[in-house]
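# Structural overview for review
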Amino acid sequence: MSRSGGRILVDQLELNGVDLAFCLPGESFLPLLDALYDSPIRLISCRHEPGASNAAEAHGKLTGRPGICIVTRGPGATQAAVGVHTAMQDSTPMLLLVGHVPRGVQGRDAWQELDYGRVFGGLAKAAWQVDSAARIPEHVARAFSLALSGRPGPVVLALPEDVLAETTDVADAAPVRVARAAPRQGDLERLRELLAAARQPLVVVGEGGWTQQTGEDVLAFCEANALPVACAFRCQDFVDNRSPSYAGVLGVAMDERLAARLRDADLVLAVGGRLGEVPTRRYTLLDPPKPRPTLVHVHPDPRELGFVYEPDLPIVSSLPEFAEALRGLAPVEPRWREWTAAARADYEANLLHEPMEGPVDLGEIMAFLRRRLPEDAIQTCGAGNFTVWAHRFAEFTQYGTQVCPRSGSMGYGVAAAVAAKLVHPDRIALCFTGDGDFVMSSPEFATAVQYELPIVVLLVNNGMYATIRMHQERLFPGRVIGTDLVNPDFPALANAYGGYGERVERTEDFEGAFERALASGKPALLELAVDPERISPRIRLSELQKGAG
Ligand SMILES: Cc1ncc(C[n+]2csc(CCOP(=O)(O)OP(=O)(O)O)c2C)c(N)n1
Ligand SMILES: [Mg+2]
């Protein structure tokens, strides 16, 4: 049967299990849009390509399957780059499909033409152009396979509009199956020996194909061996934070006591993750290339092992397979019970906040949310100092409930909440944002209204790009430039979009406002009017200006 390139492409997406795609329409991919008209794939049309690509990235995080983003050539593709960058940094499977200029005019610097292999070559896991409709099944299968295998990541496919329009008779490819590496028996025996020789071990969990079951298996192993386990930046939902083994997060503004534990550990078992710049505090808590502690590093992609840190024991394994294998490993007699108990006590102490200046206390609000949010509520964010409260004072119990950019990209949170509400309509999708961050992602608040997705946005308004102001005051005291913000009336903006908006001016008003936001049944925004003096949970602006901090 003869089909258009667009139809062939949509059929390949369907047979690979795609049921949701994010786009910003362009005339360069009309046959693809038209094929979606007849498809069960739900198409969400966004307001700005960064929103579409961030939502697709978040969808990849939420499902472990490639999130799909479809954009137009040139300006559409370049605007979508931010989600591709996050997917690469965060190891998230994703497909960016770009409508491209027709083959007949390529190479003339035609209107909106780009060489996608070159533009995205350094950004994505792979990027190339599809040159014939007949080979779309092969190319899409390769794209899925690459996105999902080894270290998951984003793949970019450029689709010339005449390739999408061309009709041909070609068979579908088979659904993509990805092989999963498993540890060798000798690896686990060696791990046990190294553990038996340790006195101050630390397990660090990170990205690269995590699942709920992986978290349960790793945590059971940690508990059976009384091991402390820390999460890498924005991987706080990888293990149940209530466990006596859980020791906190190696993130931005990490607890000094946890930082010291990583520095002082004599054995580090990294399950997933790359021991990147944030968890190692700019590679100072562990020295590259050969860190002082014995390092056991487990990763599905052999290229990540030894990339920065030379492991004593590198283990190439998918994370679920490794975690499953841990089940069969007999526990060792722990010599570190006190070390683990102290790590846990430090974590619990760090959950307690100091009272904050001004009538709105974010620590109190986070304490309320810890009690109030159901275990399956999904939290999203972008970047800013407000995230320090959101991360430090939150407790996660289930995988897939912290959908945040490890890339540190602003403007991610609203789009991620939209994706979360689409995947889990019955759950709360809560976006933490700042006055700077929200304006960057607010177009997707309109998407939430259009598709009737009652997300809840908590906007911390301190009238500035506080993160940058904080660094500015440290390095260039008193010379404030480029970091002040004059803001719109945020609740009015939420109302204008067709959502619910409220301004919270006192801590005690938050609870009622939160319930009203949920009860509104609409996308809701609560503006938290905080005192800019408290620039982060531990730092006051005036202290910075005096040279402290
Ligand atoms: C896309 C992007 N642009 C710029 C930055 C640099 N940056 C990091 S945090 C931040 C300020 C965020 O301001 P706001 O949302 O108001 O949060 P606050 O720090 O005030 O709590 C900026 C500009 C970034 N991380 N990402
Ligand atoms: Mg701000």
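Remember, it's a predicted structure, so these values are computed and weren't measured experimentally. (Residues numbered from 1 in each chain as written. Chains lettered and ligands numbered in written order. Predicted model: local features only at pLDDT ≥ 70, side-chain atom pairs only at ≥ 80, totals over all residues. Heavy atoms only, no water.)

## Thoughts on the overall build of the protein
Scanning the protein from N- to C-terminus turns up 22 helices and 20 strands. The C-alpha radius of gyration computed for the protein amounts to 24 Å, which stays within 12% of the reference 24 Å derived for 549 residues, consistent with globular compactness. Reported as C-alpha extents along the three principal axes, the dimensions of the protein are approximately 70 × 60 × 45 Å. Within the span of the protein, comprising 549 residues, buried residues form 59% of the whole. Counting only contacts in the protein whose residues sit at least 6 apart along the sequence, the fraction spanning at least 24 positions is 76%. Seen as two clouds, the 53 positive and the 69 negative side-chain charges of the protein have centres 4 Å apart. (Helix = DSSP H or I, 4+ residues; strand = E, 2+ residues; numbered from the N terminus. Rg over C-alpha atoms; globule rule 2.2 N^0.38 Å. Buried < 20%, exposed > 50% of the residue type's maximum accessible area, 1.4 Å probe, protein only. Contact = heavy atoms within 4.5 Å. Lys, Arg positive; Asp, Glu negative; His and termini not counted. Charge placed at Lys NZ, Arg CZ, Asp CG, Glu CD.)

## Thoughts on the side chain of Asn-350
Mapped onto the secondary structure, Asn-350 falls in helix 13 (residues 337-350). Looking at Asn-350, the relative accessible area reads 12%, which means it is buried. If we skip the residues at most four places from it in the chain, Asn-350 touches Asp-255, Arg-257, Arg-392, Phe-393 and Arg-538.

## Details of the pairing of strand 5 (residues 94-100)
Strand 5 sits mainly inside the fold: seven of its seven residues count as buried. Burial of the side chains of strand 5 extends over both faces: Met-94, Leu-96, Val-98 and His-100 are buried on one face and Leu-95, Leu-97 and Gly-99 on the other. In terms of strand pairing, strand 5 meets strand 7 (residues 154-160) through seven bridges, oriented parallel. Paired with Leu-97 across the bridge in strand 7 is Leu-157. (Pairing = 2+ DSSP bridges.)

## Topic: the packing of aromatic side chains
The description of two aromatic rings rests on the distance between their centres and on the angle between their planes. All told, the structure shown has eleven aromatic pairs when counted by the stated rule. For the ring pair Phe-368 and Phe-514, a centre distance of 6.1 Å and an interplane angle of 85° mean the geometry is edge-to-face. Highlighted residues: Phe-368 in helix 14 (residues 362-372) and Phe-514 in helix 21 (residues 510-519), separated in sequence by 146 residues. Here Phe-368 falls in the buried class, since its relative accessible area comes to 7%. With a centroid separation of 6.2 Å and 75° between ring planes, the pair formed by Phe-438 and Phe-445 is classed as edge-to-face. Take Phe-445: its relative accessible area is 0%, and that puts it in the buried class. Here the basic side chain of Arg-261 rests over the ring of Trp-339, its NZ or CZ set 5.0 Å away from the ring centre. (Phe/Tyr/Trp six-rings, centres within 6.5 Å; stacked < 30°, edge-to-face > 60°. Lys NZ or Arg CZ within 6 Å of the ring centre and 35° of its normal.)

## A word on the site of ligand 1
In the neighbourhood of ligand 1, 16 residues make up the surrounding shell, with Asn-385, Asp-435, Asp-437, Ala-466 and Thr-467 lying closest. Backbone polar atom of Met-410 to a nitrogen atom of ligand 1: 3.2 Å apart, as the coordinates give it. One of the backbone nitrogen or oxygen atoms of Asp-437 is found 2.7 Å away from an oxygen atom of ligand 1. When isolated, ligand 1 has an accessible area of 580 Å², and the protein chains bury 78% of it. Mapped onto the shell around ligand 1, the elements with two or more residues apiece are helix 17 (435-441) and helix 19 (466-475). Along the lines of polarity and charge, the residues of the shell around ligand 1 split into seven nonpolar, seven polar and two charged. (Near = heavy atom within 4 Å. Polar contact = N/O pair within 3.5 Å; in protein donor to acceptor, adjacent residues only side chain to side chain. Areas by Shrake-Rupley, 256 points an atom, 1.4 Å probe, with all protein chains shown as cover. Nonpolar A, V, L, I, M, F, W, Y, C, P; charged D, E, K, R; others polar.)

## A short note on the nonpolar core
With 57 residues, the main nonpolar core has Leu-191, Val-205, Leu-269, Val-271 and Phe-322 as its most contacted residues. Broken down by element, the residue count for this core peaks at five residues, all from strand 12 (residues 267-271). Ranked by size, the runner-up nonpolar core spans 49 residues in total, among them Ala-52, Ala-55, Val-84 and Phe-120. (Core = buried A, V, L, I, M, F, W, Y, C linked by side-chain atoms within 4.5 Å.)

## A word on the confidence of the model for the protein
Note that predicted coordinates carrying low pLDDT should not be read in detail. Overall, the prediction assigns the protein a mean pLDDT of 97, with 100% of residues at 70 or greater. Within the protein, strand 4 (residues 67-71) carries the highest mean pLDDT (99), whereas helix 22 (residues 541-545) carries the lowest (90). (pLDDT = per-residue confidence, 0-100.)

## A closer look at empty space enclosed by the protein
As enumerated under the stated definition, the model contains three cavities of 30 Å³ or more in all. The volume enclosed by the largest cavity comes to roughly 260 Å³. Lining the largest cavity are 25 residues, and of these Val-249, Met-254, Asp-255, Asn-350 and Arg-392 sit closest to its centre. The residue inventory of the lining of the largest cavity, partitioned by class, reads twelve nonpolar, seven polar and six charged. Of the pockets and cavities examined, the second largest cavity occupies roughly 60 Å³. Every residue along the wall of the second largest cavity is listed here: Leu-362, Ile-365, Met-366, Phe-386, Trp-389, Ala-390, Phe-432, Val-460 and Leu-528. When its residues are assigned to classes, the lining of the second largest cavity shows nine nonpolar, no polar and no charged. (1 Å grid on protein atoms, 1.4 Å probe; cavity = no way out; pocket = protein on both sides within 12 Å on 5 of 7 lines; lining within 4 Å. Points joined across faces, edges and corners; volume = space filled by probe spheres on them.)

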